[in-house]
Amino acid sequence: MVRTLIVPLVSTGNVPQLALDLLVHSLSSEFDFVKSLDSTFVHPFVGPLDYVLDQHVPVLFSKTAPQKIYSTALELFYNESKDIYVLQQRTPVIQGYLNNLIKETILPLIDEFKIEDVVILDSFGPLDDDVLEATTVPARRGTNLISDGTCEVGSVTDVIRSFEQSLNLNQGSELHLPSSLFKFTPDSLQQEISSKQQIFHFAYHLLNGKSPYLKEIKYCSAFVHEGDNSEDAHLLCDHLPVVIESLDKLLKHTPPVSWKGVYGLRPVPIAFDEGIYV
Amino acid sequence: MLFKQWNEIAEPRHQLDSPVIIANEGTLQTSVLPQVTLPPIDLQNFSRVILTSAIMNPLFPEKLLKSTILGDLKVILDLSSGKMALDHPMHSWNFDENFPNEVDPAYVVEERSKTFELCAPIVSFGRTLLISVKENFLKTSPIFLNQIAKSVVCKLAQGAFEGEVVVLGTSDQITELKPVSDKETTLNPPEFVTSFVGAVITQLIEKSLPFQGLIAPSEGPVGFEKLNLVTMEELITLCHQWVDSNKEIYRNECYRRWRLDGAALGAQSGLYI
C-alpha cells in the first residue's frame, strides 16, 4: 500500500473540504484523529467536535483523543487499514502566507509520516479565469467534470528547470502554464495548471522539499458552480478511489452534523416527477 | 464544519475579506511574520487575565474600575527588511545616486513605508489584567491576531501563571450566549469562533492551559460587531463577578459605554440618531 496524504485546497464552493468531511465521517470507525497542526498561517478557528448524526460521541476523535472537546483550523486524521492521512483545513490561508503554510506546516508532515503520495484536491468555477485558461475547448464539451493530474517526483531536475523557465524567461506573459509539471488524463477538463493557482505553490515546495519518501503528487480538481456544493462534494468523494488505490468507493455517505442546516442533504431532483417545489 | 464569511457582497465564499499586505501573490518565497513585543509585566501580581477584543471594552469602564495602563503590546510587520520577494531585480550596490533615472524613486518611498503596526494597551484593575485587541477586518490581517495570541499564551504558559484565564469573544454563528471552558463547551456544530478570541482559544488548547469564558452572539464583520440588548444584559450580569464595583453603577456605566462605542444595534441605541 502506498502511504498517502490528502490535502484539500480552500477553493470554489469549499468542495475539497466538504469531500474530505464526507470521507472521514463516512469512515469514522476507521479514521483516527492524529493531531492538531499549527494554525498560525490560516484564519483563526475554534469550534466543537463534529460528529455523525446517529453517533452519541464524536467517534472520529474519541478513540485517540477522548479528552478533546474542540476542533481547530488544521487537523490530521489517519486510516491505518488504508494507510491514508487526511489533513482537514477549516479556514482559508491568510493572504500572503500560503508559502509559509506549505513549507512550515505541511512539508514537515511528509517527512514525519514518510508520505509517498500527496493527493491535492481542488475545485474551480466559471469565475476562476486563471484556471479556465488552462482548460481545453474540446474538454469543456465533455461530461467529465473532474480532472486528474499526476506529477512524478523522479525527474526533479527537469521540473526545477521548468520552474526556472516559468519564473525568469517569461516575465512578459502574465500567465505561464508549466506544461510539463502535471500529466493530466486525456479526458480531464483541466489540461494544465497555471502559476497563479495554489497547486503551483504546492508543487513547487513539495518538489523542492526533496523528501526521500515522496514519489508522486496527484492533483484532483472538480469543476463546480458556487452554491450549495454538497452534491459536488459527494461526486468528488466518489472519485477519490480513482486516484487512491487503497480506497474503495464508499457504500454510504454519512455527512457530519455540521452540514445540517448549512448544506442540503438531499440529492438534487433530476426529474419533474419529484415536483418543481421542494 | 466550514468557515463561512460574513459579507453582503456575493463573493466566492472561500475567500475572506482581509487586507492585502503582501502584494506579490505569485511569489514562491515565504513571508516574514509580525513580531510581537510585550511590555515587562510580572504575572504573579495578578490573579486573573482577561483576553478579549475591543468590542467588549464597554464592560470594563476605565474610570469606574480605576484601571491603569501598564504598557502597550506592539506588533510590527516589517516588509522592508529585504526578506520579501521583490518585483524588481536586486543589486549588490546601491545605484540610486549614480543612476537616479534608472531607479524608480517611487519604489524607494514605498519600501520605507512597508511597515504595519498594531498596538493594544494592557491595562489592570485590582488584581485583574485586561488585554483587549482592537480588530478591523479591513486593516488588520489575521496574522497579527494569531501572533498576538501565540505570544500572550506563551507568556502565560512560561510564567506558570496560576490565576484564571478568561476569554470573552463574539461569534455571528451563535444565537445565544455560550459559556466555554477547557473542560466543556456549549458550542454545537456548525457553530465556531474566529478572530482574536478564536486564535487565543486555539493557543490555550494547544498549550493545555485551563480557561473559562463566554462567547456572545453578534452581528457584523470582525471588528465591527454589534451586540444586542439581551446579550449585553447577560454579559453585564456575568462580568460583574470579575469587577469590584456597585452592580447598579457598573451596569449603568456599561450601558452608557456600549452605546457610545457604537457596539449597540441602531434600533437600541436610543430614539434619535
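This text follows the structure it describes.
Numbers given for residues are sequential positions, taken from 1 along each chain in its written order. Lettering for chains starts from A, numbering for ligands starts from 1, and both go in the order in which the items are written. For this predicted model, a pLDDT threshold of at least 70 governs which residues receive local features, and a threshold of 80 or more governs which side-chain atom pairs are given and counted, while totals over whole chains, interfaces and linings are taken from all residues. Side-chain measures here rest on the full set of heavy atoms in the structure, leaving out hydrogens and waters.

Visitor: What is the right way to read the overall build of chain A from this model?
Guide: Helix and strand definitions follow DSSP, with helices as H or I runs of at least four residues and strands as E runs of at least two, each counted in order from the N terminus. Per the secondary structure count, chain A includes 8 helices and 10 strands. Partitioning the contacts of chain A with sequence separation of at least 6, the portion at a separation of at least 24 is 77%. Calculation of accessible area relied on Shrake-Rupley with a 1.4 Å probe; when residues are assessed, cover is drawn exclusively from the protein chains displayed. Carbon and sulfur atoms form 54% of the exposed surface of chain A, whose accessible area is close to 12,000 Å². A contact between two residues is defined here by any heavy atoms of the two lying within 4.5 Å.

Visitor: In this structure, what is going on with the overall build of chain B? I would like to understand it.
Guide: Within chain B, the regular secondary structure consists of 6 helices and 8 strands. In chain B, the succession of α and β elements from N to C terminus is β-β-α-β-α-β-β-α-β-β-α-β-α-α. Residue exposure (1.4 Å probe, protein chains only): buried if accessible area is under 20% of the type maximum, exposed if over 50%, otherwise partly exposed. Expressed as a percentage of the 273 residues in chain B, the buried residues total 48%. In chain B, the share of contacts with a sequence separation of at least 24, taken over all contacts with a separation of at least 6, comes to 79%. Carbon together with sulfur atoms contributes 52% to the accessible area of chain B, which is approximately 14,000 Å² in total.

Visitor: What should I look at first to understand the interface of chain A and chain B in this one?
Guide: Between chain A and chain B, the contact holds 49 residues from the first and 51 residues from the second. Counted as salt bridges are all cases of a side-chain nitrogen of Lys or Arg within 4 Å of a carboxyl oxygen of Asp or Glu. Linking chain A with chain B are 1 salt bridge. For Asp38(A), the salt bridge goes to Lys150(B), with nearest N and O atoms at 3.7 Å. The definition of a polar contact used here is a pair of N or O atoms within 3.5 Å, where within protein one atom must be able to donate a hydrogen and the other to accept one, and adjacent residues in sequence count solely through side-chain atom pairs. Across the contact surface, chain A and chain B share 14 residue pairs in polar contact (both at pLDDT 80 or more). Looking at the side of chain A that touches chain B, the elements with two or more residues in it are α1 (15–26), β3 (46–48), β4 (70–72), α3 (98–112) and α7 (198–208) of chain A.

Visitor: Please explain empty space enclosed by the protein as it appears in this structure.
Guide: In this approach, a probe sized like a water molecule rolls over the atoms, and the result shows the empty space that is left. Residues and elements named next belong to chain B. Detection works on a 1 Å grid of protein atoms alone, calling trapped sets that fit a 1.4 Å probe cavities and calling open sets with protein on both sides within 12 Å along at least five of seven lines pockets, with lining residues defined by an atom within 4 Å of a point. Grid points are joined across faces, edges and corners, and a volume is the space filled by probe spheres set on the points. Inspection of the entire model under this criterion finds 4 cavities of 30 Å³ or more. For the second largest cavity, the calculated volume is near 90 Å³. Residue lining of the second largest cavity: Leu38, Pro39, Ile41, Leu43, Val49, Ile122, Leu129, Ile131, Val152, Lys155 and Leu156, and that is the complete set. Of all the elements in the fold, those that place two or more residues in the lining of the second largest cavity are β5 (128–133) and α3 (142–158). Partitioned by chemical class, the residues of the lining of the second largest cavity number 10 nonpolar, no polar and 1 charged. Polar here means any residue other than Ala, Val, Leu, Ile, Met, Phe, Trp, Tyr, Cys and Pro, which are nonpolar, and Asp, Glu, Lys and Arg, which are charged; Gly is therefore polar.

Visitor: Looking at this structure, how should I read the nonpolar core?
Guide: The tendency in soluble globular proteins is for nonpolar side chains to be buried side by side. Core analysis: the largest hydrophobic core is formed by 88 residues, its most contacted members being Ile120(A), Phe182(A), Phe202(A), Ile217(A), Leu51(B) and Val167(B). Ranked by the residues each element gives to this core, the list is headed by α3(B), at 8 residues. Apart from residues lying up to four places away in sequence, Phe182(A) is in contact with Gly149(A), Thr150(A), Cys151(A), Ile193(A), Ile199(A), Ala203(A), Ile217(A) and Tyr219(A). We define the nonpolar core as a collection of buried residues of types Ala, Val, Leu, Ile, Met, Phe, Trp, Tyr and Cys that are connected through side-chain atoms lying within 4.5 Å of one another. Formed by 33 residues, the second largest nonpolar core is a distinct cluster that contains Val24(A), Ile84(A), Ile244(A) and Leu250(A).

Visitor: What's the story with the sheet that holds strand β8 (residues 146–152) of chain A in this structure? I'm lost.
Guide: Note on sheets: strands pair through backbone hydrogen bonds, and any given pair is parallel or antiparallel. All names here are of chain A. Two strands are counted as paired when DSSP detects at least two bridges linking them. The strand order across the open sheet built from 8 strands is β2-β5-β6-β1-β7-β10-β8-β9, with neighbouring strands paired in mixed fashion. Strands with a single pairing partner mark the edges of an open sheet, and in this sheet they are β2 (31–36) and β9 (183–184). Angular values range over 0 to 180 degrees, each being the angle between N-to-C directions of two axes fitted as lines to C-alpha atoms, with helices fitted over their stretch in contact. Contacts from helix α8 (residues 230–243) reach β7 (117–124), β8 and β10 (216–223), with the element oriented near 35° to β8.

Visitor: Which parts of the structure should I look at to understand the packing of α3(A) against α7(A)?
Guide: When two helices pack together, their arrangement is captured by the angle between the axes and the distance separating the axes. Residues and elements named next belong to chain A. Here α3 crosses α7 at 50°, and the two axes come no closer than 10 Å. When the axis of α3 is compared with that of α7, the two are oblique. Handedness of the crossing formed by α3 with α7: right-handed. Contacts between α3 and α7 involve Leu98, Asn99, Ile102, Lys103, Ile106, Leu107 and Ile110 on the former and, on the latter, Gln198, His201, Phe202, His205 and Leu206. The residue inventory of the contact of α3 with α7, partitioned by class, reads 7 nonpolar, 4 polar and 1 charged. Oblique is the label for any angle not covered by the other classes, which are roughly parallel (under 35 degrees), roughly antiparallel (over 145) and roughly perpendicular (65 to 115). By the definition used in this description, the sense in which the near helix is turned from the far one sets the handedness, with an anticlockwise turn below a right angle giving left-handed and a clockwise turn giving right-handed.

Visitor: What exactly am I supposed to notice about α8(A) here?
Guide: Because the α-helix completes a turn every 3.6 residues, residues three or four places apart line up on one side. Residues and elements named next belong to chain A. Here the expected length of a helix is defined as 1.5 Å per residue gap, with one fewer gap than residues. Here α8 contains 14 residues, and its C-alpha end-to-end distance of 21 Å stays within 8% of the 20 Å for a straight helix at 1.5 Å per residue. For α8, the complete set of buried residues consists of Ser230, Asp232, Ala233, His234, Leu236, Cys237, His239, Leu240 and Val243. Close packing links the buried residues of α8 with α1, β7, β8 and β10.

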